[in-house]
Amino acid sequence: MNPLAQPIIYTTMITGTLITTLSSHWFLAWVGLEMNMLAFIPILMKKTNPRSTEAAIKYFLMQSTASMVLMMAIISNNLLSGCWTTTSYINQPPSLMMMTALAMKLGMAPFHFWVPEVTQGTPLTSGLLLLTWQKLAPISIMYQIHPSINIHILLTLSTLSTAMGSWGGLNQTQLRKILGYSSITHMGWMMMTLVYNPMTTIFYLTIYIILTTTMFLTLNLSSSTTTLMLSRTWNKSTHLAPLMAPILMSLGGLPPLTGFLPKWIIIQELTMNNSFLIPSIMTIMTLLNLYFYMRLIYTTSLTLFPTSNNTKMTWQLENTKPMPLIPPLIITSTLLLPISPLLLTFH
Amino acid sequence: MIMHTPIMMTTLISLTLPIFATLTNPCKKRSYPDYVKTTVMYAFITSLPSTTLFILSNQETTIWSWHWMTTQTLDLTLSFKLDYFSMMFIPIALFVTWSIMEFSLWYMNSDPNINQFFKYLLIFLTAMLTLVTANNLFQFFIGWEGVGIMSFLLISWWHARTDANTAAIQAILYNRIGDIGLILAMTWFLLHYNSWDLQQMLALNSNSSSLPLVGLLLAAAGKSAQFGLHPWLPSAMEGPTPVSALLHSSTMVIAGVFLLIRFHPLMETNTTIQNLTLCLGATTTLFTAICALTQNDIKKIVAFSTSSQLGLMMVTIGINQPYLAFLHICTHAFFKAMLFMCSGSIIHNLNNEQDIRKMGGLLKTMPLTSTSMIIGNLALTGMPFLTGFYSKDLIIEATNTSYTNAWALFITLIATSLTSAYSTRTILLTLTGPPRFPALTYINENNPALLNPIKRLTMGSMITGFLITSNIPPTSPPLPMMPFYLKLSALCATALGFLTALDLTLMTNKLKMKNPSQVFKFSNMLGYFPTTIHRTIPYQSLLMSQNLALLLLDSTWLEKSMPKTISQAHITTSMTVTTQKGMIKLYSLSFLIPLTLALFLMM
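Residues numbered from 1 in each chain as written. Chains lettered and ligands numbered in written order. Predicted model: local features only at pLDDT ≥ 70, side-chain atom pairs only at ≥ 80, totals over all residues. Heavy atoms only, no water.

1. Thoughts on the interface of chain A and chain B
Operational definition: It only takes one pair of heavy atoms within 4.5 Å for two residues to be counted as in contact. Buried area is understood as the total, over both parts, of accessible area removed when two parts are fitted together, assessed with a 1.4 Å probe. Whenever Lys or Arg places a side-chain nitrogen within 4 Å of a carboxyl oxygen from Asp or Glu, that contact is recorded as a salt bridge. Under this definition, polar contacts are N or O atom pairs within 3.5 Å; protein pairs additionally need one hydrogen-donor-capable and one acceptor-capable atom, and for neighbouring residues in sequence, both atoms have to be side-chain atoms. Counting from the N terminus, the helices are the DSSP runs of H or I reaching at least four residues and the strands are the DSSP runs of E reaching at least two. Gly is placed with the polar residues, together with every amino acid not listed as nonpolar (Ala, Val, Leu, Ile, Met, Phe, Trp, Tyr, Cys and Pro) or charged (Asp, Glu, Lys and Arg).
In this complex, chain A contributes 29 residues to the contact, which on the side of chain B involves 19 residues. Regarding the contact of chain A and chain B, the summed buried area is about 2100 Å², with carbon and sulfur atoms giving 77% of it. A per-residue breakdown of the area chain A buries against chain B is headed by L96, F113 and W167 of chain A, which together make up 24% of the total. Here chain A is connected to chain B by zero salt bridges. Counting across the interface, chain A meets chain B through five residue pairs in polar contact (both at pLDDT 80 or more). Every element with two or more residues in the side of chain A that touches chain B is listed here: α3 (50-81), α4 (92-106), α5 (114-121), α7 (151-170) and α14 (277-302) of chain A. Ranked by residues supplied to the side of chain A that touches chain B, first place goes to α4 of chain A with seven residues. Broken down by class, the residue content of the side of chain A that touches chain B amounts to 20 nonpolar, seven polar and two charged.

See below:
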């Protein structure tokens, strides 16, 4: 990308999100979302191959449809209640439309079809931004409208997201698609307790962002996008190969790693509200998630794929790729469970 | 003092002497078989005055019992009941056995194990007499099992022959099914009457349950080869002819009928059981008579004839005439044993040929055998004033005048005519016509060991009926008056069968044989009963066990029901979810439809 255009684009993206999170007027919230989306499109097309173009177009179409429905919901809410503030109660039909639009923006099932394809079509860093930064604005809006959300629709969306994310990820070897499906699953988990205790949603979002960032940056280090390329991590950066294991296990939600903490909170929140079947189903479906992470661990850390005798030992050469923050991120994403009371007081 | 009891007990005990003689090591001056035969002859002679004394002293029963052991609630005794049935049966059984043993001296002459053969016959006889004189069901069961085991050992006498082995196993299996019934009855009696003594059981007839009687009927069906449990009897012809003569015509197969006769006071009051017995007997007699019509093995024809007569005895019990059934047992023993012995004589003389299609022209070459055979067959069919007439005609008269199942009685009449039909066929094919055996066969019946028994039994076949019926006490109310045509019905049916068979055989024996018809095949293949049942039942059991053990447990419960199903479900779902077409139109549609659906549902 043109170095002159880069700061403008990134700034616009950040500003859009900020506008959405900080506004109390519905129009401005919508404006922020649009700014964010429009600025993000060139980021998706960082590499100019047809697949990136296709991914960008798909992203644009899906997001703009969602924004339009959101606009319609805002206007009909004004028609019905005469309110423009985001913090007041929203009537049911507009609330329903808002929720479906925002779910589409987030990539929850049954509107999840664009997530794996768009993630696959873009470079790893754009994918990182897609799955982490782009979630912030819609979730902030959902946080604000959480009293008026219809619980049935939300639970349906969440359970369906978990299921679709888990089943979808089983059949993949491309890492970006795997991470896309994992994002869908995590979205499902996040939205479970939005109605009961939205703080848990934000908490889950925080941990999720940390985990996904770690994952993407690690992959970026060895620039591996398929499982096969991932299996060569032992050659590229030997110290990173065994570290993939705890990162992925944390992403899958295994105790005693960090990734277990938000899931624990969510299950606790749900059982405090007397719902037992739904957390059980979700936990069991997420096991499939864990399974395909384990498959990645298997190829990376547990086995050594055969190579020929004169393979270059790439790790001996100096690495010129920038590795921002990977060590602290790894530590945060695996060892945060013992200080969970401190974390929970922040929320 | 009336001495019949000690004399009879002497008879019974003296029979066991030769058995114990084999346990020591005697120096045999004479041959052992001869010794056994002589023992049986003396036993017969000693039993005769005993029986005569019993009948003339007009006694009811004598019971001789020793206390054997006591369990907590049950006293087991060795008790010998010498009443009308056992006293009549013992001399007859001994007479027939004596004749058969003398016949075996000739028939099994070249057999190296002839001593063992005679010992087996003697053990069988002891078991049979134990059965007949038993006063409690325990002793009865000992005799019952004893005759079963000896039957097994004797049928498989030529044990190197696979057919003999399968026939012996078949006999054991079918008898075992009958034993289930007997044990059921014994258990029921033990539980409800707390005793196995015949006196107690017959006196306490308070419970109107049919269960023990059904058990007894099953036992009789197993032992006496009634329909459903009948295939073992023709297969048992694999044994030597003396075995067939003794066991499977005169003594062992009537044990079932004898059991029902012993329990007749209990059966008198239960009409269901009587009905069952009647129908079972009628079915047996007709079915086996049909099968006998097209058999080609002379021993099998006589075996089916035995089976048919056993069915007739069942019919008699079914119309509540146990004494007539017993009379038929006694008279039947004579002519049936003799028929077997004549068959044995023919078989040995024709160099072990058993197929009647390869016999013929024996009237002139074996005069005594053929005469006895004709007399025996006439007695079997109920020729007036021969032995069979006294029992068989009385039975037919009783059936014609009894107020029961008309169908059963009708088919008994049909079976009577079929009896004379197959007897005629046998006589015509074996004895008359040109000889169909090889020309240089050495036929000779000069051995007194062969001839004397046949002569004895022929005399028996002719006069025993008269002797017995004129000397026994009156045992059942005399039969009521009946119309003339009913009185003649047995004779007419017999004559009809005889004439039809004679006519058909003489008309058709020069014709070329066509392909057999369906009815012929039904009769020749024994009603397809063995071919279907003997394969089907084991196959179904084995298939079920294989399915239960392998398919149900290992394959289904442990593998397919949970692990494989779950994994398959997930794999299929995953493949369904991840096959996307990538068309934006579909994605928009996936947005539109849930949105509209939700809006409509929530409003």
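2. Let's talk about the packing of aromatic side chains
Residue and element names in this part refer to chain B. Our working definition: When the centres of two rings from Phe, Tyr and Trp lie within 6.5 Å, Trp using its six-membered ring, the rings pair. Their planes under 30 degrees apart give stacked, over 60 give edge-to-face, and anything left gives tilted. Partly exposed residues are those whose accessible area sits between 20% and 50% of the maximum for their type, while under 20% is buried and over 50% is exposed, using a 1.4 Å probe and protein chains only.
For the coordinates displayed, the defined rule picks out 42 aromatic pairs over all chains. A ring pair is formed by Y120 and W157, whose centres lie 5.9 Å apart and whose planes are at 85°; its orientation type is edge-to-face. Linking Y120 in helix α5 (residues 114-132) with W157 in the loop between α6 (137-155) and α7 (162-193), this pair joins segments that are 37 residues apart in sequence. For the residue pair Y120 and W157, the accessibility class agrees, reading buried in each case.

3. A few points about the domain arrangement of chain A
All names here are of chain A. To be explicit about the condition: Domains are outlined according to an automatic or database domain assignment.
As far as domains go, chain A holds domain 1 (1-121) and domain 2 (150-346). Centre-to-centre, using C-alpha coordinates, domain 1 lies 25 Å away from domain 2. Listed as interface residues are 16 residues of domain 1 and, on the opposing side, 18 residues of domain 2. On the domain 1 side of the interface with domain 2, the three residues burying the most area are M99, M108 and Q120, jointly 36% of the side's total. Inspection of the region where domain 1 meets domain 2 yields zero salt bridges. In this structure, the connection of domain 1 to domain 2 is made through three residue pairs in polar contact (both at pLDDT 80 or more). Elements with a contribution of two residues or more to the side of domain 1 that touches domain 2: α4 and α5. In terms of residue count, the dominant contributor to the side of domain 1 that touches domain 2 is α4 (six residues). For the side of domain 1 that touches domain 2, the per-class residue count stands at ten nonpolar, six polar and no charged.

4. Points about a nonpolar patch on the surface
Residues and elements named next belong to chain B. Put simply, the rule reads: Patches here: salt-bridge-free residues with over 30% relative accessible area, like charges joined within 9 Å, nonpolar side chains (Val, Leu, Ile, Met, Phe, Trp, Tyr) joined within 5 Å. Here, Shrake-Rupley sampling with a 1.4 Å probe gives the accessible areas, and only protein chains in the shown set may cover a residue.
A contiguous nonpolar patch, built from M583, L586, L589, L592, I593, L597, L601, M602 and M603 and spanning about 840 Å² of accessible area, is present on the exposed surface. Tracing the chain through its elements places M603 in the segment after α26 (584-602). Residue M603 is classed as exposed on the basis of its relative accessible area of 54%.

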